[in-house]
Amino acid sequence: MQLNQKNLPAVGRSIKVPAYDRNEIKAGIVHVGVGGFHRAHQAVVVQQLLAAGGHKEWGICGIGLREGDRRIADIFARQDCLYTLITRYPTGEVDSEVMQQMTDFLLAPDDKQAVVDRMANPETKIVSLTITEGGYNLTADGEFDLGHPDIQHELKHPNDPKTIYGYLSAALRKRKDKQQTPFTVMSCDNIQHNGDVTRKMLLSFLSAQDEGLAAWVGEEVAFPNSMVDRITPVTTGAEMEYLKDQFDLEDEWPVTCEPFLQWIIEDNFSNGRPDFDKVDGVQFVQDVTPYEKMKIRLLNAGHSVLGICGALMGIQTINACMENEQLRTVLRKFWDEEATPILDKVEGIDLEAYKDSLQVRFSNPNIRDKVSRICSASSAKLPKFLLPTIEENLSKGGSIDMATWLIAAWCYYSDKQIDQNGQSLEIIDAMQDQLNRAAQNTTADALSFLRVREVFGSLIDNENFTSLYATTVRRFYEEPVISVQLQRW
Ligand code: CS2
């Protein structure tokens, strides 16, 4: 049976469909970037609030900004924005539930004005974002990349937005002109101080476009920082088959996730908020800094350590990486010796226990999170996940041996694009050509890879780092079999 609104009563006889009336929900939240992560994280929190009763004004309108979102738009059109969430426990237990918190979905390239109007509608209290680490238009030094052609276009044509900044500014301009309270802009991406970064970027954009609007946004709009966490692998055909076999349900794009969910948000909203913290795993705090630093530098960086090494070893999934003793060792050693010593104390969290729990989560054999997902967009991820650890250790005299070695491994990976068995690697990275060219020059110029300033910023100017890197990368190229390299650790 097809998953759609008409079939919902029948669908609900075999699979969990929370008992709330979708027709009564209004979309107080407009969410940009309805990928797997949003659908398994914030969407779940909203669904639980709706299922518990009340909160009817806090449903979600989904937005896809890019042409690449057309597939999900078409599926949502056929499925009336319904989808299934499949939660897989390490024990093999599975929970499946139909998600119905999304009221509607708009594909921006089809109707830009509809997206602006929807954000500008006073019913919209929060615009939330999961536009990926690469979606913020940041330079390696954390500034706004004003020179980007899409940004230049938007500055000249405020009524023809292309990026998130164009849409937000068009919508906020309408709110300001009508003297309405603005919405909160809530980033849910893995960037330290994601709210502050979004604010800084939007204000830089607006300063170049409309000083008056920049001043108003600076005064009136809240950008809460948050730490978001739930491992959400890429959906595979196996999940669709599972739903068909178990429930006779045809869902074209279900989402799978682990049972763990955490969301720590600063209680800083311009126009009201739901009681997100009524849901287990969600917490409002004054200052999210220690939590986000801990999560990004342990979980996300840890993923990258396993991802790059695992890819070079020809391992397909993160749980398979965790079955490899060498990889478990390198991961824990990196955490213990380089990442943890520079973390701040996190209230209520024992860092040793946190790392133990990450090992259990990574090992969940039923999640089968692909190494290729982890390695995708490394050029946007590593500057957020790993390079700050190197920079901080350099300034505090801490060890950078393993992180530097990982950059050397990434260089080799970008250069050769094959694993140690000679199989070619699936690399998904907007900068792959540039990284590949730089990496290929390593034998002639050991520092060539680091000269990609868009990724490494000013690290190339730090001699303590470059001299260690030069030795490390040379050793890597002399003995590139990754399992032999790993014996170092
Ligand atoms: C991953 C994250 O993309 C990555 O490299 O580390 O997607 C990670 O799974 C999530 O942040 C977990 O909360």
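A. Broad picture of the sheet that holds strand β3 (residues 83-88). Across the sheet, three strands lie side by side as β4-β3-β9; this open sheet has mixed pairing. Two strands lie at the open edges of the sheet, namely β4 (94-99) and β9 (255-257), each paired on one side alone. Mean inter-strand twist for the sheet, computed between neighbouring axes without regard to direction, equals 20°. Pairing of β3 with β9, which is carried by three bridges, proceeds in the parallel orientation. Bridging from a neighbouring strand, I86 pairs with T256 of β9. Set on the sheet, helix α3 (residues 42-52) makes contact with β3 and β4; between it and β4 the angle comes to about 75°. Set on the sheet, helix α10 (residues 237-247) makes contact with β3, β4 and β9; between it and β3 the angle comes to about 95°.

B. Fine view of the state of the cysteines. Tallying each qualifying case throughout the model produces zero disulfides. Residue C257 stays outside any disulfide, its sulfur separated by 16 Å from that of C188, the closest cysteine. A relative accessible area of 0% places C257 in the buried class. In this structure C309 is a free cysteine whose sulfur lies 8.2 Å from that of C321, the closest cysteine sulfur available.

Thresholds applied
Residues numbered from 1 in each chain as written. Predicted model: local features only at pLDDT ≥ 70, side-chain atom pairs only at ≥ 80, totals over all residues. Heavy atoms only, no water. Pairing = 2+ DSSP bridges. Helix = DSSP H or I, 4+ residues; strand = E, 2+ residues; numbered from the N terminus. Axes fitted to C-alpha atoms, helices over the stretch in contact; angles between N-to-C directions. Contact = heavy atoms within 4.5 Å. Disulfide = S-S within 2.5 Å. Buried < 20%, exposed > 50% of the residue type's maximum accessible area, 1.4 Å probe, protein only.

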